[in-house]
Amino acid sequence: MATLFKDVLMLDGDRKRADRGHILVSKGRIQSLMDVSATPPAADKVVEGGGRMAVLPGFVNAHTHAAMVLLRGLGEEAPLMEWLQKKIWPVEAKLTPEHIYRGTASAILEMLATGTTCFADMYFEMDGVAQASLDAGIRCALCRGITDGVAGPDGERKIEASIRDGLRLFEKWHGREGLLTVQLGPHAPYTVPLDDMKKIVALARERGVGIHFHFMETEWETDYIRRELNMTPDDYLRETGVLDTVGTTLAHGVWMDPDRADDLDMSKVTIVHCPQSNLKLGSGVMPLDRWLDINVGLALGTDGASSNNRLDMWGEMRSAALLHKGVTRNPTSVPALDVLRMATFEGARAFGFVNKGLIREGWMADLVLVDLDQPHYVGVNEDNLAAAIVYAGSSADVRGTMVNGKWLYLNGAWPTLDRDEILAKAREARGAITA
Ligand SMILES: [Zn+2]
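Please read these numbers as outputs of a predicted model, since none were measured by experiment.

Rules and cut-offs
- Residues numbered from 1 in each chain as written.
- Predicted model: local features only at pLDDT ≥ 70, side-chain atom pairs only at ≥ 80, totals over all residues.
- Domains from an automatic or database assignment.
- Contact = placed C-beta atoms within 7 Å.
- Helix = DSSP H or I, 4+ residues; strand = E, 2+ residues; numbered from the N terminus.
- Nonpolar A, V, L, I, M, F, W, Y, C, P; charged D, E, K, R; others polar.
- Core = buried A, V, L, I, M, F, W, Y, C linked by C-beta atoms within 7 Å.
- Buried ≥ 20, exposed ≤ 12 C-beta atoms within 10 Å, placed from the backbone.
- Pairing = 2+ DSSP bridges.
- Expected span 1.5 Å × (residues − 1).
- Arc of directions from axis to C-beta.
- Axes fitted to C-alpha atoms, helices over the stretch in contact; angles between N-to-C directions.
- Parallel < 35°, antiparallel > 145°, perpendicular 65-115°, else oblique.
- Left-handed = near helix turned anticlockwise from the far one by under 90°.

1. Observations regarding the domain arrangement of the protein chain
Segmentation of the protein chain into domains returns domain 1 (3–57 + 360–410) and domain 2 (59–350). A separation of 29 Å is found between the C-alpha centroids of domain 1 and domain 2. Counting residues at the interface gives 19 residues for domain 1, matched by 23 residues for domain 2. Counting residues per element, the ones that place at least two in the side of domain 1 that touches domain 2 are α12 (385–392), β15 (398–403) and β16 (406–410). It is α12 that provides the largest number of residues to the side of domain 1 that touches domain 2, a total of five residues. When the residues that make up the side of domain 1 that touches domain 2 are grouped by side-chain class, the tally is 11 nonpolar, five polar and three charged.

Structure representation (structure tokens):
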């Protein structure tokens, strides 16, 4: 089935300005892009843009824990360790595989409604995340969070079992239906012993699997690496081998020092900026403006809904673009177009999705339709669309979200999903874990 976007403004992170024209989508791909002066071809479905609709690449939420929507609002505004130890971990211990599926399904509704077509997820019981993503038809880059722990009754260290589970997930789900990629997810330097981290990195390289982990989220982590491991954060990246591994994604990087990057080749690494989670947890502000000058991948993520509390990439884009201007007292730092590129193409590339994240012929038809016929878009044109989206826009402007050329969200509804059933099951799960 072919869909024609007629007379729309198209924008992606590789264009200096938006183009006005037509987009023909069929067989899951962007088949052709035409100037507005061209006669549009026939199609089964036509979206009449009238010059007042924008089409963007679907957003890629490059770091989240989707099922944590079930924990949203627990322990608000508590200090980090108290929040984790008293509110989050005891409830997480009650989560069953069924809960993970239900929570993820609910998070997917939320992400689709805000224009996200792909998310990178680290949690546990990841078969539920994979299945919920396939059932919804959304793209997902998933990894099991690997952590150390006490040995089991058979004497096996918990970390051995979780590494094995990570590899099992790769074998089972990687590449499924073109929607899923799987990474290894050593949780963080302070939850995974150094030797195990080296082993995981070696395994990843041997098998061509990506790695996704939390790195330098809080200032405390710098002290930990110095004190406990007797090295600098740079040594850590070098000695574990992650810099030489294709497809390494570091979540947060708040306390990484871009000045040190001169000595490191960061070209194979992507850092995922999570501005709202870092603000809410009081972790600090990563110097994004300086990283933009360095040869490193930079993507955007929400982190889990317990520390954000939204899974809305529009909020991350706006925060990223505003925050650094304020901190550096420089209105030219972190341009809107760079932020749009981070929120789309860079995230897709980091997790091994090819031909996704730009509006180009032959690329995947993972697209967001944005309604510009709103008061806050009066005066929008090809030149200022990126700024309009980032500074004036919001997810309330999303009219449709398409993955592989198929509408998964359209005009306030999810045509292929049973919204009421998904929400009822999510509420039930929330009740069970907080009872
Ligand atoms: Zn996280």
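2. Concerning the nonpolar core
Counting 132 residues, the largest nonpolar core has A54, V55, V129, L142 and M317 as the members making the most contacts within it. Among the elements that make up this core, the one with the highest residue count is helix α2 (residues 97–113) (nine residues). Leave out the neighbours within four places in its chain, and M317 touches L300, V339, L340, A343 and V390.

3. Overview of the pairing of strand β5 (residues 53–57)
Along β5, five of the five residues are buried, which leaves the element largely enclosed by surrounding structure. Here β5 runs beside strand β14 (residues 367–371); their pairing, made up of five bridges, is antiparallel. Bridge assignment links P57 to a residue of β14, and that residue is L367.

4. So, helix α13 (residues 419–434)
Here α13 is 16 residues long and its end C-alpha atoms lie 23 Å apart, about the 22 Å a rise of 1.5 Å per residue gives. Burial in α13 covers these residues: I422, A426, A429 and R430. Along the long axis of α13, the arc covered by the buried residues comes to 100 degrees, so they all point the same way. When the buried face of α13 is taken as reference, the exposed residues oriented beyond 90 degrees from it are D420, E421, E428 and G431. Against the buried residues of α13 lie α2.

5. Describing the packing of α2 against helix α3 (residues 126–136)
Look at α2 against α3: their axes get within 8 Å of each other, and the N-to-C directions meet at 40 degrees. In terms of their interaxial angle, α2 and α3 are classed as oblique. Pair α2 / α3 crosses with right-handed handedness. Facing α2, whose interface residues are P97, I100, Y101, T104, A105 and I108, α3 presents D127, G128, V129, Q131, A132, S133 and A136. Here the residues of the contact of α2 with α3 are counted per class, giving eight nonpolar, four polar and one charged.

6. Brief notes about the packing of helix α11 (residues 336–350) against α12
Direction vectors running N to C along α11 and α12 enclose 75 degrees, while the axes themselves pass 8 Å from each other. In terms of orientation, α11 lies roughly perpendicular with respect to α12. Mapping the contact onto sequence places A336, L337, V339 and L340 in α11 and A386, A387, I389, V390 and Y391 in α12. Residues that form the contact of α11 with α12 fall into these classes: nine nonpolar, no polar and no charged.

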